[in-house]
Amino acid sequence: PQGLYACTPDRLGVLEDYGYAICEIKTGSLAPWTALQTAGQVEAVGNKYGPLKRIGVELLGDGKYRTHLFSNRNDTQVLMSAVSVYWWKQKHGGR
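Residues numbered from 1 in each chain as written. Predicted model: local features only at pLDDT ≥ 70, side-chain atom pairs only at ≥ 80, totals over all residues. Heavy atoms only, no water.

Enquirer: Is there a simple way to explain helix H2 (residues 75-91) in this structure?
Expert: Every α-helix winds through 3.6 residues per turn, so residues three or four apart in the chain are directed the same way. Helix length check: H2 (17 residues) gives 25 Å between terminal C-alpha atoms against 24 Å at 1.5 Å per residue, within 8%. Among all positions of H2, only Asp75, Leu79, Met80 and Val83 are buried. Here the buried residues of H2 occupy an arc of 130° about the axis, which is enough to place them on one side. Of the exposed residues in H2, the ones pointing more than 90 degrees away from its buried face are Gln77, Trp88 and Lys91. Looking at the buried residues of H2, the elements they touch are helix H1 (34-45), strand S3 (53-59) and strand S4 (65-70). Just downstream of H2 lies Gly93, where phi reads positive at about 75°. (Helix = DSSP H or I, 4+ residues; strand = E, 2+ residues; numbered from the N terminus. Expected span 1.5 Å × (residues − 1). Buried < 20%, exposed > 50% of the residue type's maximum accessible area, 1.4 Å probe, protein only. Arc of directions from axis to C-beta. Contact = heavy atoms within 4.5 Å.)

Enquirer: Please explain the pattern of salt bridges as it appears in this structure.
Expert: Opposite charge on two side chains permits them to pair, given that their charged atoms come into close proximity. The full count for this structure, using the stated rule, is three salt bridges. Notably, a salt bridge pairs Glu24 with Lys26, separated by 3.4 Å at the nearest N-O pair. A relative accessible area of 4% means that Glu24 is categorised as buried. The salt bridge involving Arg54 is made with Asp75; its shortest N-O contact spans 2.9 Å. With Arg54 in strand S3 and Asp75 in helix H2, this pair connects stretches of sequence that are 21 residues apart. (Salt bridge = Lys/Arg side-chain N within 4 Å of Asp/Glu carboxyl O.)

Enquirer: I keep staring at the environment of Val14 and nothing clicks. Help me out?
Expert: Residue placement: Val14 occurs in strand S1 (residues 11-15). A residue is classified by how much of its surface remains accessible, and Val14, at 59% relative accessible area, is exposed. The spatial distance from the C-alpha of Val14 to the C-alpha of Tyr49 is 9.9 Å, given a sequence separation of 35 residues. With near-sequence residues (within four places) excluded, Val14 lies in contact with Gly19 and Tyr20.

Enquirer: What should I look at first to understand the pairing of S3 in this one?
Expert: Successive residues of a regular strand alternate their side chains across the two faces of the sheet. For S3, the tally of buried residues reaches five of seven residues, placing the bulk of the element in the interior. In this fold, strand S2 (residues 19-27) hands off to H1, which returns the chain to S3; that crossover is right-handed. One ladder, built from six bridges, connects S3 with S4; its direction is antiparallel. Paired with Val57 across the strands is Thr67, a residue of S4. Connecting S3 to the antiparallel partner S4 that follows it, the hairpin turn spans five residues, and Gly63 within it adopts a positive phi of roughly 90°. (Right-handed = clockwise from strand over helix to strand, strands pointing away. Pairing = 2+ DSSP bridges.)

These figures come from the coordinates and say nothing about function on their own.
Structure follows, in structure tokens:
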């Protein structure tokens, strides 16, 4: 992808309730940036599998789990903007 970033989805496969999906598994609560993380993963995988859902899986302390569907279409644009700012800062010596 054009963004020059790397990622490793926790899971990629077919989920009964969602169809083809990328899953990001987190212990504890899901951070808001997990939506951006899954957006980047979908961009990196491409559409080899068709449209992919973006799922956050929150592992709870009692052995149960909770899923969250990320569906904001702006997440990819926000992620790519952040990646662009990172690389601009690298080029111009910023932190």
